[in-house]
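Each chain is listed here by its residues.
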Amino acid sequence: MRHIGLCGLILAALLIGGCGKIELQDTGIPLSVGADLKDDQIDLAICLANPLPTEKSTDNEPQFMVLNSSGSTFSEAIRNISLSFSDYPLWSHLQLSIVGENLARSDMSLVLDFITRNRYVRKDLLIVVTHKVTPAEILSVKPILAPHPPTAIKKMLKIQEAETGIYTPMNYTEILHRFLTAGIEPIIPMITIDRSGAEDRFLLDGMAVFKGRKMVGILNENESRGFRLMRPEQIRGGLFIMPSPLNRKNLVTLELSRSQAKITPVFKDNQMIMKIQLKAEGNFYEQSGTDNLFTEPMFKRLEAAAEQELTQQILDSIHKAQELNSDIFGWGEMVYRSDPRIWKTLEPKWDQIFPAVQSDISVDFSLRRSYLTDKSFVFR
């Protein structure tokens, strides 16, 4: 069994010891915990919800506060919170765990011992990795139209998946499975700060790819789309843009209403090929030109172009994963489920096999509707 190594496991270190009685008025509500490595110390940042507003408070005051702590281990850093915070944190209210990129790229097995000890970790807890910023910086950003940073980030992860279909949210349960199971590697969305405007804003930016206990690379936007398309469950929502079949200078936007991937390991001539079959449906959403695309022949060409675009996204994701030698798709686990005897022979050398595995991709895309109009506009 593989070592556990993710910041999600950091949360397993959050038990503040003992089974003594704690009065409700002596507790605080942590919404997120961020952890990173700094000078060989565990550097923690904890976002807590502010208590009910007082008469002196104003609408402009943030509804959260951030506590910082450090220690040589996670448990020490957590307990050192008591040096600057008078209440007991109720860790069962955590919504989000944030892992610093330094910690993600280091050995994450530091907290192996704690996963079996903590009864407060919520299994639906979402986890993100920072990119070029620290967890403390993320938790210090005042969100727009949300009371707390963790609340805003959770909503961003959910909404962007349905609207743009780029980054796949990962919760504690799935990440733990990926760290514990042979033949599948962890992958986690990344977040950074957009400082280009008048105020800092959160920005989802890539997906962190792991190999064993360490982060080894990042999927970009297109590669992240390809990873999402190969998820085993039915996918709903997302947009993709491609050149118009009549004029490549013009763009067409299609909405991916739903898709379902079926991936099967096939053995032929002592070689393994992953057969990837994607069946997808979508809607005509927007065009930048005035070409008449609402004819049956044009719809056929749009469907063919969409199939080519989705195929390329999948290929981009596969190439990056094989370049990083990280089986984020779980192909090894699929081989095990298909034939445990074959996997038994492949598992010891999977690191040498996976980068060279060939894929046979077949995409079937169908256009279903065009919303409120069934013709292209010609503006005068």
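Nothing here was measured: the structure is a model prediction, and the numbers come from that model.

Rules and cut-offs
- Residues numbered from 1 in each chain as written.
- Predicted model: local features only at pLDDT ≥ 70, side-chain atom pairs only at ≥ 80, totals over all residues.
- Heavy atoms only, no water.
- Helix = DSSP H or I, 4+ residues; strand = E, 2+ residues; numbered from the N terminus.
- Buried < 20%, exposed > 50% of the residue type's maximum accessible area, 1.4 Å probe, protein only.
- Pairing = 2+ DSSP bridges.
- Axes fitted to C-alpha atoms, helices over the stretch in contact; angles between N-to-C directions.
- Contact = heavy atoms within 4.5 Å.
- Expected span 1.5 Å × (residues − 1).
- pLDDT = per-residue confidence, 0-100.
- Phe/Tyr/Trp six-rings, centres within 6.5 Å; stacked < 30°, edge-to-face > 60°.
- Parallel < 35°, antiparallel > 145°, perpendicular 65-115°, else oblique.
- Nonpolar A, V, L, I, M, F, W, Y, C, P; charged D, E, K, R; others polar.

## Regarding unusual backbone geometry
For residues besides glycine, phi is generally negative; the peptide bonds are generally trans as well.
Step number 1: Look at D39: it is not a glycine, yet its phi comes out positive at around 55 degrees.
Step number 2: Tracing the chain through its elements places D39 in the loop between β2 (30-38) and β3 (41-49).
Step number 3: A relative accessible area of 69% means that D39 is categorised as exposed.
Step number 4: A positive phi is found at D269, a non-glycine position, where the angle reads about 55 degrees.

## Structural notes on the sheet that holds strand β9 (residues 201-211)
Step number 1: Spatial strand order, β4-β3-β2-β6-β7-β8-β9-β10: eight strands in an open sheet with mixed pairing. Every other strand in the sheet has two partners, leaving β4 (64-71) and β10 (214-219) as the edge strands with one partner each. Taken pair by pair, the neighbouring strands of this sheet meet at an average axis angle of 30 degrees, ignoring direction.
Step number 2: Judged from the two bridges that link them, strand β7 (residues 126-130) and strand β8 (residues 187-194) form a sheet pairing that is parallel. Along β8, the bridge assignment pairs T130 with I191.
Step number 3: Against the sheet, helix α7 (residues 221-229) engages β8, β9 and β10, with an angle of about 105 degrees to β10.

## Examining the environment of D360
Step number 1: Along the chain, D360 falls in strand β15 (residues 358-369).
Step number 2: Judged by its relative accessible area of 40%, D360 is partly exposed.
Step number 3: Along the primary structure D360 and I276 are separated by 84 residues, whereas in three dimensions their C-alpha atoms are 5.9 Å apart.
Step number 4: Aside from chain neighbours lying at most four places away, what touches D360 is I273, M274, K275 and I276.

## Side note on the pairing of strand β12 (residues 239-243)
Step number 1: Residues F240 and M242 point to one face of β12 and are all buried, whereas L239, I241 and P243, pointing to the other face, are not buried.
Step number 2: Pairing geometry for β12 and strand β13 (residues 251-268), over five bridges, is antiparallel. Each residue of the ladder has a partner; that of L239, found in β13, is E255.

## Focus: the pairing of β9
Step number 1: As paired elements, β8 and β9 share seven bridges and run antiparallel to each other. Paired with I187 across the bridge in β9 is V209.
Step number 2: The hairpin formed by β8 and β9 contains six residues between the paired strands.
Step number 3: Sheet topology note: the β9/β10 ladder contains five bridges and is antiparallel. By the bridge assignment, M207 is partnered in β10 with L219.
Step number 4: If you look at the hairpin formed by β9 and β10, you'll find two residues sitting between the two strands, and G212 has a positive phi there, around 65 degrees.

## Section: helix α5 (residues 149-163)
Step number 1: The first and last C-alpha atoms of α5 sit 21 Å apart over 15 residues, in line with the 21 Å expected at 1.5 Å per residue.
Step number 2: In the segment just after α5, G165 is the residue with positive phi, at about 65 degrees.

## With respect to the confidence of the model for the protein chain
Step number 1: Overall, the prediction assigns the protein chain a mean pLDDT of 85, with 83% of residues at 70 or greater.
Step number 2: Counting interchain partners and residues more than four positions distant, the pLDDT-below-50 stretch residues 1-20 has 78 contacts.

## Digging into the packing of aromatic side chains
Step number 1: Considering all chains together, one arrives at seven aromatic pairs under this definition.
Step number 2: Where F179 meets F210, the ring centres are 5.9 Å apart and the plane angle is 70 degrees; that geometry is what we call edge-to-face. With F179 in helix α6 (residues 172-180) and F210 in strand β9, the pair connects residues that are 31 residues apart, well separated along the chain.
Step number 3: A relative accessible area of 0% means that F210 is categorised as buried.
Step number 4: Here the aromatic residues F227, F329, W331, W343, W350 and F354 are joined through ring pairs into a cluster of three or more.

## Examining the packing of α7 against helix α8 (residues 296-324)
Step number 1: At their nearest, the axes of α7 and α8 sit 7 Å apart, and the two run at 100 degrees to each other. Looking at the two axes, α7 sits roughly perpendicular to α8. Counted together, N222, E223, R225, G226, F227 and L229 of α7 and E309, L310, Q313, I314, D316, S317 and K320 of α8 form the full contact between these two elements.
Step number 2: A breakdown of the residues in the contact of α7 with α8 according to their chemical character gives four nonpolar, four polar and five charged.

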